[in-house]
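What the coordinates show
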Amino acid sequence: MNNLIKFFLCIVVLTVCSSCGDDDRVVDTGNIEVPRNITTSVNGTDIYLMWSGSYNYDYEYSLYVSDSWYGVYSYISYYDMYYSPNTGCTTVSLSISTPGTYYFKIIVSDPYGGSWAASDVVVATIAGGGAGDNTGGGTNDDTGGNTGGNTGGNTGGNTGGNTGGGTGGETVQKPSAPTGLYVANYGSVTIPDIRITWNSVSSATGYYVYRSSSASGTYSKIATTSYEGYVDNTCKIGNTYYYKVKSYNSAGTSGYSDYCKFEYKDTRKPGPVTYGNCTVSGTTMTMRWSVPTNNSYGKPTKALLRVMNPDSGEWATLQELSGTATSVSFTYTPWVGTSGYYKGYLYVGILLENDYGTGGGSARVWDNVNKKWIN
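Please read all numbers here as calculations on a predicted model, not as lab measurements.

Attention shifts here to the overall build of the chain. Counting its regular elements, the chain contains 1 helix and 27 strands. The buried share of the chain, reckoned over its 375 residues, is 41%. Here the analysis covers contacts within the chain between residues at least 6 apart in sequence; of these, 60% occur between residues at least 24 apart. Accessible surface computed for the chain: about 19300 Å², of which carbon and sulfur atoms make up 46%.

Structure follows, in structure tokens:
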């Protein structure tokens, strides 16, 4: 990634237009539309990225780049759509001084709701090399050798190379099945980057990617690609996925590869509850609350009714409820202090919990002398 650090980067939103084509893919990440119909063009050292999608004014987009399709993607720019809501398509210009092939990804996010959507990978190449590099080359005349040598050095490939082609009339064989399938989330739970990669098949011109919900189930084709990898933007938290790949060329298609498995675990801990109308009637207190639905939080498996011991100041769990519970009633009088700092007060709260942590939050305080909540 050293070359990426040498960028002289200029990000400019050039245009907003009414339509960039039709593509109805939507990722289930809070109904943010996936950046779609992405195209690239190159003019000298300038790369132009264009994509379409309808986004709210408070959304943001970020650009990421890598020097290989399945390499590490580095953040290179950010843009706040507040100043120019995107209702059609956006063009961004990047000025890059270092020649090479670059792999880009666009992520649109809602900074307030925690939702996001990620594009597929898009590729652009900056040509380079100066005249005089490797000028001699070799005259390799075996019916199609690189007769020109690398004239001019990396200016578009081996000039004059492969002129003869395979005169022997070698028969093309269909490729073998890919090997080395691997899948992992290179992002996070809330902003995933789920990549399936495999070893290159030398005679393949492309690959078909398949997915199933079980190892021995029916595999459906989800992508066709010319790269040795694919990013699956349609995975949902809590599901398990199985992938297989076939390679193909002009002679036919290989059999399936072995499968690889991805278990999309929800490792997010729950958030704090929001208290509703908590009431007291006689000696009975009823607590009411709502469970947070922000994308940053996981689902709770239990809700704990907690009160503070007025004598020791330690917290005790009175009841353990389901994670979907939103109310509970209990006799509160044994927990109201009669002396000391906690005299006349009850500290009570709901704590959400799952296997990955607790939601935190604050307790409510009941003033039993004046018969009112003081927070």
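The next thing to look at is the pattern of salt bridges. Under the counting rule described, the total for this entry stands at 6 salt bridges. Across the pair Arg 195 and Asp 193 runs a salt bridge whose closest N-O atoms are separated by 2.7 Å. A relative accessible area of 3% means that Arg 195 is categorised as buried. Owing to a relative accessible area of 10%, Asp 193 belongs among the buried residues under this scheme. Taking the shortest distance from any N to any O, the salt bridge between Arg 268 and Asp 266 comes out at 2.8 Å.

Here we come to the environment of Ser 95. Position of Ser 95 among the secondary structure elements: in strand β6 (residues 89-95). Overall, the relative accessible area of 16% leaves Ser 95 in the buried class. Sequence separation between Ser 95 and Val 42 is 53 residues; the distance between their C-alpha atoms is 9.9 Å.

Another aspect to go through is the confidence of the model for the chain. Here the chain shows a mean pLDDT of 77. Residues at 70 or above account for 71%. The model gives residues 1-29 a pLDDT under 50, and that stretch makes 82 contacts with residues more than four places away or in other chains.

Even without glycine at this site, Lys 371 takes up a positive phi of about 55°. Among the secondary structure elements, Lys 371 is positioned in the loop between β26 (364-367) and β27 (372-373).

With that settled, consider the packing of aromatic side chains. Applying the stated rule across the entire model yields 8 aromatic pairs. Taking 5.1 Å as the distance between ring centres and 85° as the angle between the ring planes, the aromatic pair formed by Tyr 210 and Tyr 256 counts as edge-to-face. You can see Tyr 210 sitting in strand β12 (residues 206-212) and its partner Tyr 256 sitting in the loop between β16 (252-253) and β17 (260-263), a full 46 residues away along the chain. The exposure class assigned to Tyr 210 is buried, which follows from its relative accessible area of 11%. Between Trp 366 and Trp 373, the aromatic rings sit 5.3 Å apart at their centres with planes inclined by 65°, giving edge-to-face as the arrangement. The two residues Trp 366 and Trp 373 agree in class, both being buried. Clustering of aromatic rings is evident, with ring pairs tying together Tyr 210, Tyr 219 and Tyr 256. Directly above the ring of Tyr 208 sits Lys 221, whose terminal nitrogen or CZ lies 4.3 Å from the centroid. Between Lys 244 and the ring centre of Tyr 256, over which it is positioned, the NZ or CZ distance is 5.1 Å.

Spatial strand order, β10-β11-β14: 3 strands in an open sheet with antiparallel pairing. Pairing within the sheet leaves two strands with one partner each, and these edge strands are β10 (182-185) and β14 (229-231). In this sheet, adjacent strand axes meet at a mean angle of 15° when their direction is disregarded. Pairing between strand β11 (residues 194-197) and β14: 3 bridges, direction antiparallel. Its bridge partner lying in β14, Thr 197 is registered against Gly 229.

Val 183, Ile 194, Ile 196, Trp 198, Tyr 230, Tyr 243 and Phe 262 are the most contacted members of the largest nonpolar core, which totals 23 residues. Those elements that place two or more of their residues in this core are β11, β12, β14, β15 (240-249) and β17. Here this core takes 3 residues from β15, the largest share from any one element. Those residues in contact with Phe 262, other than ones at most four positions away along the chain, are Val 183, Ala 184, Asn 185, Ile 194, Asn 239, Thr 240, Tyr 241 and Tyr 243.

Now for the environment of Tyr 259. Tracing the backbone through its elements, the reader meets Tyr 259 in the loop between β16 and β17. When its relative accessible area of 45% is taken as the criterion, Tyr 259 is described as partly exposed.

Before going further, it helps to examine the pairing of β15. Counting buried residues in β15 gives 9 out of 10 residues, a clear majority hidden from the surface. Two strands pair when backbone bridges link them, and β12 and β15 are joined in this way by 7 bridges, in the antiparallel orientation. Across the sheet, Arg 211 pairs through a bridge with Tyr 243, a residue of β15. Relative to β17, β15 runs antiparallel, the two sharing 4 bridges. Paired with Tyr 241 across the bridge in β17 is Phe 262. Linkage of β15 to β16, two consecutive antiparallel strands, is achieved through a turn of 2 residues.

A few words now on the environment of Gly 298. By secondary structure assignment, the location of Gly 298 is in the loop between β20 (284-290) and β21 (302-308). Sequence separation between Gly 298 and Pro 270 is 28 residues; the distance between their C-alpha atoms is 4.6 Å. The residues contacting Gly 298, other than those within four sequence positions of it, are Asp 266, Arg 268, Lys 269, Pro 270 and Asn 354.

Conventions adopted
- Residues numbered from 1 in each chain as written.
- Predicted model: local features only at pLDDT ≥ 70, side-chain atom pairs only at ≥ 80, totals over all residues.
- Heavy atoms only, no water.
- Helix = DSSP H or I, 4+ residues; strand = E, 2+ residues; numbered from the N terminus.
- Buried < 20%, exposed > 50% of the residue type's maximum accessible area, 1.4 Å probe, protein only.
- Contact = heavy atoms within 4.5 Å.
- Areas by Shrake-Rupley, 256 points an atom, 1.4 Å probe, with all protein chains shown as cover.
- Salt bridge = Lys/Arg side-chain N within 4 Å of Asp/Glu carboxyl O.
- pLDDT = per-residue confidence, 0-100.
- Phe/Tyr/Trp six-rings, centres within 6.5 Å; stacked < 30°, edge-to-face > 60°.
- Lys NZ or Arg CZ within 6 Å of the ring centre and 35° of its normal.
- Pairing = 2+ DSSP bridges.
- Axes fitted to C-alpha atoms, helices over the stretch in contact; angles between N-to-C directions.
- Core = buried A, V, L, I, M, F, W, Y, C linked by side-chain atoms within 4.5 Å.

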